[in-house]
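Commentary on secondary and tertiary structure
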Amino acid sequence: MKYRWGVWLFFFLFLGCGDDESAIPVDLTITEQVILKEELGVVTYAYLPQYSHTVSHTRHHALVQYLRKETGLNIKQIFPDTFDQHMKMVGQEKIDISYSNPFIYVKLAHRYGARAFARIVEGMGKDQFRGQIICRKDHPTIQTIGDCRHKRWIAVDSTSAGGYLYPLGHFMDHGIQRTDFKEIAFAPGPGGKQEKVILSVYAGKYDIGTIREGSLDVVSGRIDINKIRIISVTDPYPGWVYAARKNLDKKSVEKLTQAFGKLDFNHKPHREILEAANFIRVIASVDSDFDAVRQLTAKVGLSLDE
């Protein structure tokens, strides 16, 4: 950044109370280049912004600190605003470690050569998760999934797994096509998209919403979730995944894989880290673990290039 001034300023320095001090002319037309250097050796870590940045930080701050200490890598969590920005930053090599849903992952692998190296195990020992279709409990015309026809649907994002892809496949399995809805909308703005879907349904702005299981707990302190009905749940698919961007140093990935593998839920300090992150274990993973997601994507007619 350059700073240029077009005037001469005179500063009078009073050393004591004397009147005979001479003025010192300072020429501020001289330009100085100020260079802000990026910190070297940083490994960037980003949580796909399905929730607000506050939730993302709260859930993963202790985990990032653990990984820094265990691997010796200078890992820093960064916060992209949207799903699309997250993907683009992986392609631009601005995100080194991506924690994302499996639909985003297969897009990252397809577009940018990212590769899975670990995936999470959630509560009850599940390494898969499901989507949920919700409405207000007092909705006058919705009782079953068949009643979702001709309704206004709000989904998390066009690249959400539990909040769009899985429910879309579930609807199609029940004979409901995209054209059967009165409207399909996606949660607006950056971050907090799961919450926005729930709050939109709660407020009656949309008839139905689709979220990933577990998301209702995030808003339990803000609304009465007993007024929300889960109409149906999807089949389970592979869970959230850690992927390394293309060309990330293999030794760094190995260190991270080993550090994740050491996390032990029965060890109290580790349990606190895992509980905050909302999973109980991290296991090794490979790209082929997500072929079922690729197959579902093709089945519902979505493209990995869009």
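Residues numbered from 1 in each chain as written. Predicted model: local features only at pLDDT ≥ 70, side-chain atom pairs only at ≥ 80, totals over all residues. Heavy atoms only, no water.

Notes on the pattern of salt bridges
Considering all chains together, one arrives at 16 salt bridges under this definition. Between D289 and R119 there is a salt bridge whose closest N-O contact spans 3.3 Å. Taken together, the residues D289 in the loop between β17 (281–284) and α8 (291–299) and R119 in strand β8 (residues 115–121) connect sequence positions 170 residues apart. The class of R119 is buried, set by a relative accessible area of 13%. Where R212 meets E122, a salt bridge forms, and the shortest distance between an N and an O atom there is 2.7 Å. (Salt bridge = Lys/Arg side-chain N within 4 Å of Asp/Glu carboxyl O. Helix = DSSP H or I, 4+ residues; strand = E, 2+ residues; numbered from the N terminus. Buried < 20%, exposed > 50% of the residue type's maximum accessible area, 1.4 Å probe, protein only.)

Focus on the packing of helix α1 (residues 53–71) against helix α7 (residues 268–277)
Helix-helix packing is described using two parameters, namely the angle between the two axes and the distance between the axes. At a minimum axis distance of 7 Å, the contact between α1 and α7 shows a crossing angle of 145 degrees. As α1 runs across α7, the sense of the crossing is left-handed. When α1 is examined against α7, the residues T58, R59, H60, A62, L63 and Y66 are found in contact with a partner set consisting of H270, I273, A276 and A277. (Axes fitted to C-alpha atoms, helices over the stretch in contact; angles between N-to-C directions. Left-handed = near helix turned anticlockwise from the far one by under 90°. Contact = heavy atoms within 4.5 Å.)

Let's talk about the sheet that holds strand β14 (residues 228–233)
The strand order across the open sheet formed by 5 strands is β12-β11-β13-β10-β14, and the pairing between neighbours is mixed. The outermost strands of the open sheet, each flanked by one partner alone, are β12 (183–186) and β14. The mean inter-strand angle of the sheet, taken between neighbouring strand axes irrespective of direction, is 30 degrees. Where strand β10 (residues 131–136) meets strand β13 (residues 208–212), 4 bridges bridge the pair, whose relative direction is antiparallel. Bridge pairing in β13 links I133 to T210. Across the sheet, helix α4 (residues 161–173) lies against β10, β11 (152–155), β12, β13 and β14, angled at about 115 degrees from β13, the strand it touches most. Contacting β10, β11, β13 and β14, helix α5 (residues 193–202) runs over the sheet at an angle of about 150 degrees to β13. (Pairing = 2+ DSSP bridges.)

Here's the deal with the sheet that holds β17
Two orientations exist for strands paired in a sheet by backbone hydrogen bonds: parallel and antiparallel. The strand order β6-β5-β7-β16-β8-β17 describes an open sheet built from 6 strands, whose pairing is mixed. The open sheet is flanked by β6 (74–78) and β17, the only strands paired with a single partner. Neighbour-to-neighbour, the strand axes of the sheet open up by a mean angle of 25 degrees, direction not taken into account. Where strand β5 (residues 42–47) meets β6, 5 bridges bridge the pair, whose relative direction is parallel. The partner of Y45 across the bridge, within β6, is Q77. Along the sheet, α1 makes contact with β5, β6, β7 (97–100) and β16 (241–244), crossing β6 at roughly 170 degrees. In the packing of helix α2 (residues 83–91) onto the sheet, contacts are made with β5, β6 and β7, and the angle to β7 comes to roughly 155 degrees.

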